[in-house]
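# Secondary and tertiary structure notes
Single-letter residue listing:
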Protein chains: 2
Amino acid sequence: MHPLSDPKTPSFLPVSEHSDFPLQNIPFGVIERPDGIYVCASRIGDVAIDLNALQQLGYFDELELPEGLFVQEALNEFISLGRPVWRGVRQIIGALYAQGSKLEGNGKQREEIEWPIDQVEAVLPVLVGDYTDFYASREHATNVGSMFRDPDNALLPNWLHLPVGYHGRSSTIIESGMPVHRPHGQRKGPQDPAPVFGPSLKVDFELEMAFITGDGPVGYSSIPIARAEEHIFGLVLLNDWSARDIQQWEYVPLGPFLAKNFATSISPWIVTLDALAPFRTERPAQEDPSPLPYLQQDPAGANVDVHLEVSIAPEGHPETVVCVSNFKHMYWSMAQQLAHHSINGCLINAGDCMGSGTISGPDKGSFGSMLEITWNGKEPISLSDGSERSFIEDNDTVTMRGYCKKDGLRIGFGEVSATLKPALPWNPSSTSKN
Amino acid sequence: MHPLSDPKTPSFLPVSEHSDFPLQNIPFGVIERPDGIYVCASRIGDVAIDLNALQQLGYFDELELPEGLFVQEALNEFISLGRPVWRGVRQIIGALYAQGSKLEGNGKQREEIEWPIDQVEAVLPVLVGDYTDFYASREHATNVGSMFRDPDNALLPNWLHLPVGYHGRSSTIIESGMPVHRPHGQRKGPQDPAPVFGPSLKVDFELEMAFITGDGPVGYSSIPIARAEEHIFGLVLLNDWSARDIQQWEYVPLGPFLAKNFATSISPWIVTLDALAPFRTERPAQEDPSPLPYLQQDPAGANVDVHLEVSIAPEGHPETVVCVSNFKHMYWSMAQQLAHHSINGCLINAGDCMGSGTISGPDKGSFGSMLEITWNGKEPISLSDGSERSFIEDNDTVTMRGYCKKDGLRIGFGEVSATLKPALPWNPSSTSKN
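As the structure is a prediction and not an experimental result, all values here were calculated from the model.

## Considerations on the overall build of chain A
- Along the backbone of chain A there are 9 helices and 26 strands.
- Relative to the compact-globule value of 22 Å for 434 residues, chain A shows a C-alpha radius of gyration of 22 Å, a close match.
- If one aligns the C-alpha atoms of chain A with their principal axes, the spans along those axes are about 70 × 50 × 50 Å.
- Out of the 434 residues in chain A, the part that is buried amounts to 62%.
- Contacts in chain A between residues at least 24 apart in sequence constitute 72% of all its contacts with a sequence separation of at least 6.
- Total accessible area on chain A stands at roughly 15,500 Å², and carbon and sulfur atoms take up 50% of it.
- One way to put it: in chain A the 31 positive side-chain charges average out to a point 2 Å from where the 55 negative ones average out.

Structure, rendered in structure tokens:
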């Protein structure tokens, strides 16, 4: 039996009970090593595993991987090799790092392979070609529709028939830890006579997860739903930073634009569907209406039970948890999203990022944005330092965490965290590169 | 005086009076040579100029360009070097190919540099990182608003205050000549009880131009409008293929998605702003309302006078011109679009593609989409073979052409052309790569 088949197989590396990264996780990411070199990596406990070192030592020889595959600033080339390779690499690492493996006593090799996590920097794991954001939580869509349109007809007519999605901006997908600046823009309230310009007054987070794709089928053919998960490499946490006042003014008729494209933060370790297999769960039933056949027959257990939390920490103060939610609430599954996205022949590439949309649960404590939690600022919340919040204030740090837990096995995503810095001074004569 | 300063300086290469590519153009593209190698190139008349050959022969030495800069499948690395380099390369080529230059008699060198245009394939010139599409023609926005919302309030309240834009899909930007397949999708008319699945019945073109950007300023700072054009590398023709029935059903509230992302065709030669300088013209006045200050002070002559035509050719039949328009009609200039796009700190990269949105003029003959020309199919048009069109039919070829002309100088874009092929059979069990 392969060591990863047993959820209780320990690694010889120390893994605390609260770690998101036991032997059974083996996520993928990219680290900057202390010598400034970027390599693809995995992680067990608080140790980063240098995949290039493993390749150089011959551990992946049976997979016949291209030379230099892991000396890269992004995982795209690896992801492009397809699921059998992802699986092969994960299985090999799992066997190498199981307690009692030959590697355990090989200090010389381990010195080449292992980096303490606090000596490296986990950076953006993929170069995102195209970023799509869905809108797949029924509770979120209902909340937003109630707030801005009609509480009695909160869902638009198409919502139950297709996973609504739209394109986002790839260039501003950033790694966890990178600060975000409050964006400038136009806003105009319904009562204002004209729009005004200035820093957004309603900066918000959106709690999301995202899946990173492998390559779609070659040429212009769709990904059938039954095979959609073959093209999903893994998942990350995603904070879809949003400026609500800019959004409300700009978004008709073509959708959000500058309200969203100033920053989108993602967590650095991509957790594979294989690692998440024990935590699959049914998605909500879709009977009234049933979706069209091309959206039916997603896999049994199409959703994943991921416990999610969002906290806000004012500068110099501890965190307050403001949202406890779960990825299992999504009405539309990942397989449905990917089948829909490609039904028109749209080319899917390795490293595309597909966000779930804000993940809200049924009650206020599980809403995935300040817009919903404070009902567009009408019901501010208190933080543990006694301050109030309607939206995110300057120098607040927003942190999202997510993990699965069942029968003593915990597989997690770590965190995506970013501090909102004040707006940069807007200088209309600032110098440019040219 | 530099030879390019005189609009009448001829090249020693033959350039017909109707050519879009005189010595004064010097556009940039990428060609696949007969030996299968991809190189960056320019074009004069019907000759492609191999930029790598020019570099190897030392003609760019004064610019100190990186080795191998032009042996690339895309212009991105070149574009990333910034405007002084773009200008330097264009000036050197202009001097080399002016009649009477030393190169004229150097048959050996010319054999290395020149490729007859019919022996090479002009491919996609850039790897588009992010694709944004604006909605900047007042006539188009008015037509669409009249048709689908309210003829008395056709423009939404934000339209005159900001250049409305949204994100498109980069992965399906394709080169001219590549066929497009009629997409499958969901559609539902207002009277239909439920959506149905099948090939779109309303495939349309959208006549657009697009500018390709250079890198924005380093870090998260905006591009001030007065300097915006420093970050514009050049322009192409763009056909934003659209499936109107899919669009109408899916687009609320987050904008068009599958209705647009099955294909976007662009022309292969990027024409620089320097080449277009003689054809700059005023944009429409913006006085009621005036835009906010960050959108004011775009350059005098912010628009470009580009004559545009769209034709449809049924299989085996000649073309019928169905639209004659002009890029000068755009309400929002390119500088305004780029300043707006980056006002929130959104990172602009070399090779981003920013579409103008459909370019419609004031009368029916100048409308830039079949949606407008036939008023959503209510007023079909006749083609020269006697057939009628409400939208694009299978095996129709749609071709867009554009050129500037003034005082005997013609600078053009060539064409963007694509044939709409029938929908691919939809096979829910089709095999994938894995």
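## A word on the packing of aromatic side chains
Residues and elements named next belong to chain A.
- All chains considered together, the criterion is met by 26 aromatic pairs over all chains.
- Chaining the aromatic ring pairs together yields one cluster made of Phe28, Phe60, Phe70, Phe78, Trp86 and Phe233.
- Arg410 extends its terminal NZ or CZ atom over the ring of Tyr403, reaching a point 3.7 Å from the ring centre.

## A few points about the sheet that holds strand β21 (residues 320–326) of chain A
Residue and element names in this part refer to chain A.
- The strand order across the open sheet built from 5 strands is β9-β26-β25-β20-β21, with neighbouring strands paired in mixed fashion. In this open sheet, the two strands that pair with only one neighbour each are β9 (180–181) and β21.
- The sheet contact formed by strand β20 (residues 307–313) and strand β25 (residues 397–406) spans 7 bridges and is antiparallel. From the neighbouring strand, Glu309 faces β25, where its bridge partner is Arg401.

## Thoughts on the interface of chain A and chain B
- In this complex, chain A contributes 75 residues to the contact, which on the side of chain B involves 75 residues.
- Of the roughly 7,000 Å² buried between chain A and chain B, counting both surfaces, carbon and sulfur atoms make up 60%.
- Among the salt bridges present, the one from Asp130 of chain A reaches Arg169 of chain B, with a minimum N-O distance of 3.5 Å.
- Here chain A is connected to chain B by 28 residue pairs in polar contact (both at pLDDT 80 or more).
- Of all the secondary structure elements, the ones that give two or more residues to the side of chain A that touches chain B are α3 (83–96), β6 (131–134), β7 (165–167), β10 (184–187), β11 (196–199), α6 (244–250) and α8 (334–342) of chain A.
- Among the elements that make up the side of chain A that touches chain B, the one with the highest residue count is β7 of chain A (3 residues).

## Overview of the relation of the copies chain A and chain B
- Overlay of chain A on chain B (RMSD 0.0 Å): rotation 180°, translation along the axis 0.0 Å. Between the two chains, the operation in question is that of a two-fold axis. Residue Gly255 of chain A, judged by its C-alpha, is the member of chain A lying nearest the rotation axis, at 2.3 Å.
- Mapped onto chain B, 100% of the interface residues of chain A again fall at the interface, so both copies present the same surface.

## Details of empty space enclosed by the protein
- The final tally for this structure, using the stated rule, is 10 cavities of 30 Å³ or more.
- Approximately 300 Å³ is the volume found for the largest cavity.
- Lining the largest cavity are 22 residues, and of these Leu254 of chain A together with Tyr135, Val144, Arg244 and Gln247 of chain B lie nearest its centre.
- Listing elements by their share of the lining of the largest cavity, those giving two or more residues are β6 (131–134), α5 (138–148) and α6 (244–250) of chain B.
- A per-class count over the lining of the largest cavity returns 10 nonpolar, 5 polar and 7 charged.

Calculation rules
- Residues numbered from 1 in each chain as written.
- Chains lettered and ligands numbered in written order.
- Predicted model: local features only at pLDDT ≥ 70, side-chain atom pairs only at ≥ 80, totals over all residues.
- Heavy atoms only, no water.
- Helix = DSSP H or I, 4+ residues; strand = E, 2+ residues; numbered from the N terminus.
- Rg over C-alpha atoms; globule rule 2.2 N^0.38 Å.
- Buried < 20%, exposed > 50% of the residue type's maximum accessible area, 1.4 Å probe, protein only.
- Contact = heavy atoms within 4.5 Å.
- Areas by Shrake-Rupley, 256 points an atom, 1.4 Å probe, with all protein chains shown as cover.
- Lys, Arg positive; Asp, Glu negative; His and termini not counted.
- Charge placed at Lys NZ, Arg CZ, Asp CG, Glu CD.
- Phe/Tyr/Trp six-rings, centres within 6.5 Å; stacked < 30°, edge-to-face > 60°.
- Lys NZ or Arg CZ within 6 Å of the ring centre and 35° of its normal.
- Pairing = 2+ DSSP bridges.
- Buried area = accessible area lost by both parts, 1.4 Å probe.
- Salt bridge = Lys/Arg side-chain N within 4 Å of Asp/Glu carboxyl O.
- Polar contact = N/O pair within 3.5 Å; in protein donor to acceptor, adjacent residues only side chain to side chain.
- Least-squares fit on C-alpha atoms with pLDDT ≥ 70 in both.
- 1 Å grid on protein atoms, 1.4 Å probe; cavity = no way out; pocket = protein on both sides within 12 Å on 5 of 7 lines; lining within 4 Å.
- Points joined across faces, edges and corners; volume = space filled by probe spheres on them.
- Nonpolar A, V, L, I, M, F, W, Y, C, P; charged D, E, K, R; others polar.

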